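Coordinate inspection notes
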Number of protein chains: 2
Amino acid sequence: MSFGQRIKELRENKKLLQRHLAASLEIDTPMFSKIERGERKAKREQVLKLAKLLETDVDELLTAWLADKIYDLVKDETTAVNAIKVAETTLKYSKIEKQL
Amino acid sequence: MSFGQRIKELRENKKLLQRHLAASLEIDTPMFSKIERGERKAKREQVLKLAKLLETDVDELLTAWLADKIYDLVKDETTAVNAIKVAETTLKYSKIEKQL
DNA sequence: TTATATTAGTCAAAAAATGACAAGTCTAAA
DNA sequence: TTTAGACTTGTCATTTTTTGACTAATATAA
């Protein structure tokens, strides 16, 4: 499930309107609508605020948000799957290095 | 191996200088140097040109280049590994959908 | 209808990426 | 030890992309 879909689901569960959350994020309703539909990407700090406002796990939202960004970056590339695998490997190695 | 490292390796194998490739890409030498060291990212069209100039497989370079971009996007996130997995799954599903 | 919620489209402002330029380091040959 | 060439560093301007506000449109419900 995409970040926007998840936000919408959580918002509706809490019976909140777009304008409520938009106001909390200090953006207008059209902008919030676009974030919910994936037409625009939220900023990282907005994700953090939304996790609080929606009383949900911030890591769950950050994961969905970041996954959207990765997908967006690679979706038109034929080498996407390979590149993701390479990046994942690099990431794991870099984590091991940091432990040393 | 990162994109920059691979470019440098291929360039040195062919006994080319940075200024040769920089000129072909119509950028200056400092800029090329930065791309090789990963301080700046190459543009997609520059990757294509480099594959021709260095007579190497374009998909190999595109993979390394894209992997760098993904790594850059996620490297500071604690949710990086999970997000990558989610993105990979989404990607695979989107490919199946396109086949229908 | 009328009011409210959401979406669509356009444009300006802000932020990030890209590149040029000047000056620096490093190495090897003279 | 100079000199020349290859490469790197730092800074600034330009271009491109992202973000957001605004207006207007659509949809839905009372």
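These remarks concern the structure in this document. All values derive from a computational prediction rather than experimental measurement.

Criteria and cut-off values
Residues numbered from 1 in each chain as written. Chains lettered and ligands numbered in written order. Predicted model: local features only at pLDDT ≥ 70, side-chain atom pairs only at ≥ 80, totals over all residues. Heavy atoms only, no water. Salt bridge = Lys/Arg side-chain N within 4 Å of Asp/Glu carboxyl O. Helix = DSSP H or I, 4+ residues; strand = E, 2+ residues; numbered from the N terminus. Buried < 20%, exposed > 50% of the residue type's maximum accessible area, 1.4 Å probe, protein only. Contact = heavy atoms within 4.5 Å. Least-squares fit on C-alpha atoms with pLDDT ≥ 70 in both. Near = heavy atom within 4 Å. Polar contact = N/O pair within 3.5 Å; in protein donor to acceptor, adjacent residues only side chain to side chain. Nonpolar A, V, L, I, M, F, W, Y, C, P; charged D, E, K, R; others polar. Arc of directions from axis to C-beta. Axes fitted to C-alpha atoms, helices over the stretch in contact; angles between N-to-C directions. Left-handed = near helix turned anticlockwise from the far one by under 90°.

Notes on the pattern of salt bridges
Pairs may arise between side chains of opposite charge once their charged atoms sit close together. Residue and element names in this part refer to chain A. Taken as a whole and assessed by the stated rule, the structure comprises 22 salt bridges over all chains. The partner of glutamate 55 in a salt bridge is lysine 14, with the nearest N and O atoms 2.5 Å apart. In this pair, glutamate 55 sits in the loop between α4 (44–53) and α5 (58–74) while lysine 14 sits in the loop between α1 (3–13) and α2 (18–25), placing the two residues 41 residues apart along the sequence. A cluster of three or more residues bridged by salt bridges with shared partners is formed by Arg6, Glu9 and Glu60.

Details of the environment of B:Ala87
Residue position: B:Ala87 is located in helix α6 (residues 80–99). Look at B:Ala87 and you get buried, because its relative accessible area is 1%. Taking the C-alpha atoms as reference points, B:Ala87 and B:Leu66, separated by 21 residues in sequence, lie 14 Å from one another. If sequence neighbours within four positions are ignored, B:Ala87 has contacts with A:Ala67, A:Ile70, A:Tyr71 and A:Ile84.

A look at the relation of the copies chain A and chain B
Superposing chain A onto chain B takes a rotation of 180° combined with a translation of 0.0 Å along the rotation axis, leaving an RMSD of 0.0 Å. Here the copies are linked by what is in effect a two-fold axis. A high fraction, 100%, of the interface residues of chain A reappear at the interface in chain B, so the copies pair face to face through one surface.

Comments concerning unusual backbone geometry
Its identity is not glycine, yet A:Glu26 carries a phi of approximately 60°, on the positive side. For A:Glu26, the location among the structural elements is in the loop between α2 and α3 (29–36). By relative accessible area, A:Glu26 is classed as exposed at 68%. In the Ramachandran plot, B:Glu55 falls in the positive-phi region, its phi being about 50° despite a non-glycine side chain. Here B:Glu55 falls in the exposed class, since its relative accessible area comes to 64%.

Looking at the protein's contact with DNA strand C
What surrounds DNA strand C is a group of 18 residues, the closest being A:Leu17, A:Ser33, A:Lys34, A:Arg37 and B:Met31. Put simply, 57% of the atoms of DNA strand C that lie within 4 Å of the protein are in sugar or phosphate. In the model, a phosphate oxygen of DNA strand C is placed 2.8 Å from a nitrogen or oxygen of the A:Gln18 side chain. Here a phosphate oxygen of DNA strand C sits 2.8 Å away from a polar atom, N or O, in the side chain of A:Arg19. Those elements that place two or more of their residues in the surface near DNA strand C are α2 and α3 of chain A together with α3 (29–36) of chain B. Its residues assigned to classes, the surface near DNA strand C shows five nonpolar, three polar and 10 charged.

Looking at α4(A)
All names here are of chain A. Residues of α4 that are buried include every one of Gln46, Val47, Leu50 and Ala51, and no others. Angular distribution of buried residues about the axis of α4 spans 140°; they occupy a single face of the element. Those residues of α4 that are buried lie in contact with α1, α2, α3 and α5. The positive-phi residue at the C-terminal boundary of α4 is glutamate 55, with phi of around 50°.

Focus: the packing of helix α4 (residues 44–53) of chain B against helix α5 (residues 58–74) of chain B
All names here are of chain B. At their nearest, the axes of α4 and α5 sit 9 Å apart, and the two run at 145° to each other. Two packed elements cross with a definite hand, and for α4 against α5 that hand is right-handed. Residue-level contacts link Arg44, Val47, Leu48, Leu50 and Ala51 of α4 to Val58, Leu61, Leu62 and Trp65 of α5.

A word on the protein's contact with DNA strand D
Near DNA strand D lie 18 residues; those nearest to it are A:Met31, A:Arg40, B:Ser33, B:Lys34 and B:Arg37. Within 4 Å of the protein, the atoms of DNA strand D are drawn from sugar and phosphate moieties in a proportion of 54%. With respect to DNA strand D, the side chain of B:Lys34 contributes an N or O atom lying 2.6 Å from a base oxygen. When contributions to the surface near DNA strand D are tallied by element, the ones reaching two or more residues are α3 of chain A together with α2 (18–25) and α3 of chain B. Class assignment for the residues of the surface near DNA strand D results in five nonpolar, three polar and 10 charged.

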